[in-house]
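Residue-level structure breakdown
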Amino acid sequence: MKRRTILLLCLVLGLVSAGLAQEIDPVARAARWKEFNKYNFDKMDFAKVRLTKAKVASLKEDDNADDFALLRGVVFGKHGRIFKERSIQEYLVKQPWYKANPNFSNKMLTAGERANLDFIRLTEAQKHPSIEPGDMRIWKAKLIQDDNLRDYSGAEITILIAEIEAIHGKTFPSEEWLQKYFDDRYWYKANPAYDPSTLTEIERKNIEKLTEEKNKNRKTAISIGDMDNFQNVLLTEDKLAGLTMLDLRILREEFYARHGKKFDKPGIRDYFNWRDWYKPARDQKAIKLNKIEQQNVDLLARYENRLREKLATEPLQDGTLGDMFAEDLKVLRNEVYARHGRIFKDQALQKYFAAQPWYKPNPDFKDDQLNEIEAGNLAKIKEAEESATSKFSEAEG
């Protein structure tokens, strides 16, 4: 698999543009821009003139997607779009014709411009040495192989997985930041009636491949999707080591999913909808776990509860939270207070904690009564909660 050390360095420095390492030599960059400007794309009316292979033949002399990224920038730049991709935005601000428009919207694009953007973006995708956010449309009928991948950040790999379904119009109501990411893509058209059963076998296998890639560096004995092996076999606690709080929750739900349970919360539902074994049952009232499945669910719940109890006595370890949903992080953050008996003004939170067997209201509790470990864990949870709404802000796709 391709591993680009320079990309990882750029990630640390915050200089990633669609996963491609940035040019840092200003002289070489200026020379490249000057060469690109010779093609006079800025004078082209993309609403009326359709790009063709012949018109961009000069950009295809080397196997490099960067010039196509700039060309994409020109089409958008004529409407004043402000890019998060530094390589594009730094080029645009140097052009005399560019006028930044903070109110830019994809609605400003004409049908002709969208057609040209499709041509540019799909050509750009074909030139990428590895799959990048925004590329998945060219992979609708192609299986992803190991050598098509690189090292991805958690945000990038999550985008790639979601993009396969976003192409079909899937919405992400429980993940505001992910929904905003796709809303900002010119090609995205939300389809509230999207049905995951319309995914092809290749698309399902690509989701599975990317999910495996996301989880491959994690040293756990079991993973989400493995519970078919434990419907008639008892889980043991040693198999739960290394699982995140989110993993434990999803694994519990998987036992129900394998009997066809429908899930109201999109965040949970999304873990199962694309899997070929998941078939929602018509009679939801008839869903019942067998004795062994129930014991396994109870074990997972006890183990998760112990992790939660440790928030008062042990510093949170990296990876314990996993990619928890924003609403679950909010509950977890408030649970630190709830375990001291805090009474919440938020009625939904109060109702939730009042239903927990360990909760005992304490009207005398003050927030400053938290110990140092609890305060540190609160800060980590809050950071993760904030990240859940901002970690995709630098990816353009």
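Look up a bit, the structure's there.
In short, a report on the structure.

Parameters and conventions
- Residues numbered from 1 in each chain as written.
- Predicted model: local features only at pLDDT ≥ 70, side-chain atom pairs only at ≥ 80, totals over all residues.
- Heavy atoms only, no water.
- Helix = DSSP H or I, 4+ residues; strand = E, 2+ residues; numbered from the N terminus.
- Buried < 20%, exposed > 50% of the residue type's maximum accessible area, 1.4 Å probe, protein only.
- Contact = heavy atoms within 4.5 Å.
- Areas by Shrake-Rupley, 256 points an atom, 1.4 Å probe, with all protein chains shown as cover.
- Lys, Arg positive; Asp, Glu negative; His and termini not counted.
- Salt bridge = Lys/Arg side-chain N within 4 Å of Asp/Glu carboxyl O.
- Polar contact = N/O pair within 3.5 Å; in protein donor to acceptor, adjacent residues only side chain to side chain.
- Axes fitted to C-alpha atoms, helices over the stretch in contact; angles between N-to-C directions.
- Left-handed = near helix turned anticlockwise from the far one by under 90°.
- Nonpolar A, V, L, I, M, F, W, Y, C, P; charged D, E, K, R; others polar.
- 1 Å grid on protein atoms, 1.4 Å probe; cavity = no way out; pocket = protein on both sides within 12 Å on 5 of 7 lines; lining within 4 Å.
- Points joined across faces, edges and corners; volume = space filled by probe spheres on them.
- Patch = residues over 30% accessible without salt bridge, like charges linked within 9 Å, V, L, I, M, F, W, Y side chains within 5 Å.
- Charge placed at Lys NZ, Arg CZ, Asp CG, Glu CD.
- Core = buried A, V, L, I, M, F, W, Y, C linked by side-chain atoms within 4.5 Å.

For the protein chain, the count of helices and strands is 14 helices and 0 strands. Per-residue burial for the protein chain yields a buried fraction of 47% across its 397 residues. By sequence separation, contacts in the protein chain at least 24 residues apart represent 64% of the contacts at least 6 residues apart. When the accessible area of the protein chain is evaluated, it comes to approximately 20600 Å², of which 52% is carbon and sulfur surface.

The residue E203 is located in helix α8 (residues 201-215) in this model. One buried charged residue, E203, remains without a salt bridge, the closest side chain of opposite sign being K140 at 5.1 Å. One polar contact links E203 to H168, side chain to side chain, over a distance of 2.6 Å. A distance of 2.9 Å separates the side chain of E203 from the backbone nitrogen of T200, its partner in a polar contact. Excluding anything up to four places from it in sequence, E203 contacts K140, I164, H168 and T198.

This part is about the packing of helix α2 (residues 26-37) against helix α3 (residues 66-77). Across the interface, α2 lies against α3 with an axial gap of 11 Å and an inter-helix angle of 65°. Both α2 and α3 take part in a crossing whose hand is right-handed. Of the residues in α3, those in contact with R32, W33 and F36 of α2 are D66, D67, L70, L71 and V74. Here the residues of the contact of α2 with α3 sort into 5 nonpolar, no polar and 3 charged.

Estimated volume of the second largest pocket: approximately 780 Å³. Taken together, 28 residues make up the lining of the second largest pocket; nearest its centre are R249, K265, R308, D328 and Y352. Sorting the residues of the lining of the second largest pocket by element identifies α9 (245-257), α11 (291-309), α12 (326-338) and α13 (347-354) as the ones contributing at least two each. Along the lines of polarity and charge, the residues of the lining of the second largest pocket split into 12 nonpolar, 2 polar and 14 charged.

Turning our eyes to something else, we now look at a negative patch on the surface. There is a patch of like negative charges on the surface, built from E201, E208, E212 and D276. Inspection of the secondary structure puts E212 in helix α8.

Turning our attention to the nonpolar core. Among the nonpolar cores identified, the biggest contains 43 residues, and I222, L235, F255, L321 and I381 are the most heavily contacted of them. Secondary structure elements with two or more residues in this core: α9, α11, α12, α13 and α14 (372-387). In terms of residues, this core owes the most to one element, α9, which gives 7 residues. When near neighbours in sequence (up to four residues on either side) are disregarded, L321 contacts T244, M245, L246, L316, L329, L332, K380, I381 and A384. Counting residues in each nonpolar core, the second largest holds 35 residues, with F41, V74, F83 and I88 among its members.

Phi angles above zero are rare outside glycine, and N40 is one such case at about 55°. Structurally, the position occupied by N40 is in the loop between α2 and α3. A relative accessible area of 38% means that N40 is categorised as partly exposed.

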